[in-house]
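# Notes for the structure review
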Amino acid sequence: MAAATRAKTGNQVKNGKVRRFGRWSIVCHWLYAACFLTLLVTGFGLMYDWLDFLAGAGSRLVHRYAAIGLAIMPLLYLVGSGREALSHIREAFRWSKDDLRWLAVAVPYHFTGRPKPPAQGFLNAGQKLNYLVVITTFVVFVTTGLIMWFLRPQLTVADQGVFWWAVMLHSAAAWVAASMFLLHVYQAALHPFTRASLRGMIDGYVTLEYALFEHPKWAQQFVGQSGSKPANR
Amino acid sequence: MGRAAILTDPQAAARSGADVAMLTDLSECIGCKACEVACKQWNQNQAETSAFLGSYQSHPGILDNTWTVIKFVEDINESRDMSVESWQFIKTNCMHCTEAGCVTACPVDALTYGRMGTVELDVDKCIGCGYCEKGCPFGAVAVQAQVFDTDKKAGKCTLCVDRITNGLPPACVQTCPTDCIKYGSRDELIRWGRERVAKLKARGFANATLYGENELGGLHQLYVLLDSPEKYGLPVNPQVSPVLKAVRQVVYPLGKFLLGATFFGLLINFFASRNLSEPKDTDAPKATVQS
């Protein structure tokens, strides 16, 4: 029973738990999170008066170093996690009517448990949205950040608009990403429906009952597999 | 007083604290750069090593430690014989705007509307981000480019606020040998400038104009120009970038609202969802699962 079996999809089942994320994906996730949080805190020092103790020449330097970390992380993820990364990203961009219906009822459902949303695959619509926000804001952060960092000396008085467009998009992306980040952390760590998912980003495994509850279209393949019997909780 | 450069008694100006200004009468400037030297000396700014430009201009432009530069503007007749039609000098420095792009741009309030109409820079608060440089429509404040160093800060003309609040005229005014840089109450300078422009027009300078009276809510650096502002490289209708204003007035409040609403929404959800049960075997929506 304890022996893990490897499914065709590359997923594993072990002790009533199913594999959600590979080890390298998990490492990249937390490194990206660390860079993002560092960037968020040092950036918000400029945007919130009550955080102005975080604004300084030193925190600007930290912001720039963390930016390098953030910028290379997706590359490490794509190289290291290869097929897993691509399949997740592909799924994040694949939207069905069920995903839209899921989003439409997501708010009342997460407050009251009703109405039941449509069954979801490996990523539910909220997680797909999170992927899309992360990818979009990443592109915005990097391009506008490079403009602010390296193009500033070249921009003349007549080109000032370019700089301010960069600042506008950079800060707008910061608030969108920060809001999504709060929601993401809350869902993964606190909400009763989904807090079981956090284990998937720690040791890579979630319980089959959670997988069937939140991702039935994906988890159904594991039912009856060797070692997949839900463990007593 | 005894000097044509001083229109208001500096002691009286310091006591009243009312808005003062400088007015540079470019019809009397001889481009000698004594103002540049006096500025460096009073403010203890290091000399800047720069390339020889092949002209009478000393520095390419204003830098973080070079706060006033006389720009030499040559108007060359390209259609005829490349002769110099006119040769102008303009002493450039911070304009001490009433509606200042740098103050709008500064994220740490190092730049503020200061005493006696000046725009003051608190170097200790400055973090060297360079937003002010990109917010100034005149290119009058600068931060050296930096990749990783943390010691670069903004620098700009202070209108010698440390001198004027103590009853002394600005250093450049003090030193100008032709008295073309005037110092006094802003109202007094505007009156003087209008009269001067009228005289210049009568002498055949049809395009002579007083610059800075209304630009950006009124500048505290005024100019008597012999020709139109463009001829001196001055913006005709300077504006704080509308994109910068949108960042501060639209994007920041919207962003803060979005994050705040998310935070409180989740807080409410935290209490509302406490009685919802975690997924159990029986909760799994098996009916919807494809076999």
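The rules we used
- Residues numbered from 1 in each chain as written.
- Chains lettered and ligands numbered in written order.
- Predicted model: local features only at pLDDT ≥ 70, side-chain atom pairs only at ≥ 80, totals over all residues.
- Heavy atoms only, no water.
- Helix = DSSP H or I, 4+ residues; strand = E, 2+ residues; numbered from the N terminus.
- Expected span 1.5 Å × (residues − 1).
- Bend = angle between axes of the 7 residues up to and from the residue.
- Buried < 20%, exposed > 50% of the residue type's maximum accessible area, 1.4 Å probe, protein only.
- Contact = heavy atoms within 4.5 Å.
- 1 Å grid on protein atoms, 1.4 Å probe; cavity = no way out; pocket = protein on both sides within 12 Å on 5 of 7 lines; lining within 4 Å.
- Points joined across faces, edges and corners; volume = space filled by probe spheres on them.
- Nonpolar A, V, L, I, M, F, W, Y, C, P; charged D, E, K, R; others polar.
- Domains from an automatic or database assignment.
- Buried area = accessible area lost by both parts, 1.4 Å probe.
- Salt bridge = Lys/Arg side-chain N within 4 Å of Asp/Glu carboxyl O.
- Patch = residues over 30% accessible without salt bridge, like charges linked within 9 Å, V, L, I, M, F, W, Y side chains within 5 Å.
- Areas by Shrake-Rupley, 256 points an atom, 1.4 Å probe, with all protein chains shown as cover.

A few words now on helix 3 (residues 97-112) of chain A. The end-to-end C-alpha distance of helix 3 of chain A, which contains 16 residues, comes to 23 Å, matching closely the 22 Å that a straight helix rising 1.5 Å per residue would cover. At Ala106(A), helix 3 of chain A shows its maximal bend, which comes to roughly 55°, and the proline Pro108(A) appears one to four places after that position. Those residues of helix 3 of chain A that sit buried are Asp99(A), Trp102(A), Val105(A), Ala106(A), Tyr109(A) and His110(A). Contact partners of the buried residues in helix 3 of chain A: helix 4 (125-151), helix 5 (160-189) and helix 6 (208-214) of chain A together with helix 8 (242-272) of chain B. Downstream of helix 3 of chain A by one or two residues, Gly113(A) has phi in the positive range, about 85°.

Residues and elements named next belong to chain A. Each pocket or cavity is described by its volume, and for the second largest pocket that value is around 830 Å³. Surrounding the second largest pocket, 36 residues form its lining, His63, Arg64, Gly145, Met148 and His170 being those nearest its centre. Elements that contribute at least two residues to the lining of the second largest pocket include exactly helix 1 (23-47), helix 2 (57-93), helix 4 and helix 5. A per-class count over the lining of the second largest pocket returns 25 nonpolar, eight polar and three charged.

Moving on: empty space enclosed by the protein. All names here are of chain B. Inspection of the entire model under this criterion finds four cavities of 30 Å³ or more. Empty space within the largest cavity amounts to approximately 100 Å³. Residue lining of the largest cavity: 14 residues in total, with Cys39, Asn43, Cys157, Cys160 and Cys172 positioned closest to the centre. At the level of secondary structure, the elements contributing two or more residues to the lining of the largest cavity comprise helix 2 (34-43) and helix 6 (171-175). Taken together, the residues of the lining of the largest cavity break down into nine nonpolar, four polar and one charged.

Residue and element names in this part refer to chain B. Once the domains are mapped, chain B shows domain 1 (10-239) and domain 2 (241-272). Relative placement of domain 1 and domain 2: their C-alpha centres are 39 Å apart. Listed by partner, the interface residues are eight residues for domain 1 and four residues for domain 2. By the criterion of area lost to domain 2, the three top residues of domain 1 are Glu99, Thr104 and Gln239, representing 62% of everything that side buries.

With that settled, the discussion passes to the pattern of salt bridges. Taken as a whole and assessed by the stated rule, the structure comprises 16 salt bridges over all chains. With a shortest N-O distance of 3.0 Å, Arg152(A) and Glu133(B) are connected by a salt bridge. Here Glu133(B) lies in helix 4 (residues 131-135) and Arg152(A) lies in the loop between helix 4 and helix 5, a pairing that spans two chains. Note on accessibility: Arg152(A) and Glu133(B) belong to one class, buried. Salt-bridge contacts for Arg194(B) lead to Glu213(B); the nearest nitrogen and oxygen are separated by 2.3 Å. Pair noted here: Arg194(B) is in helix 7 (residues 186-202) and Glu213(B) is in the loop between strand 7 (209-211) and strand 8 (221-225), with a separation of 19 residues, a long-range link. The exposure class of Arg194(B) is partly exposed, given its relative accessible area of 47%. Overlapping salt bridges bring together Asp98(A), Arg101(A) and Lys217(A) as one network.

The next point concerns a nonpolar patch on the surface. There is a patch of nonpolar side chains on the surface, built from Trp24(A), Val27(A), Leu31(A), Tyr65(A), Ile68(A), Ile72(A), Leu76(A), Leu146(A), Phe150(A), Val147(B) and Phe148(B) and spanning about 920 Å² of accessible area. No other element matches helix 2 of chain A, which puts four residues into the nonpolar patch. With respect to the element layout, Ile68(A) can be found in helix 2.

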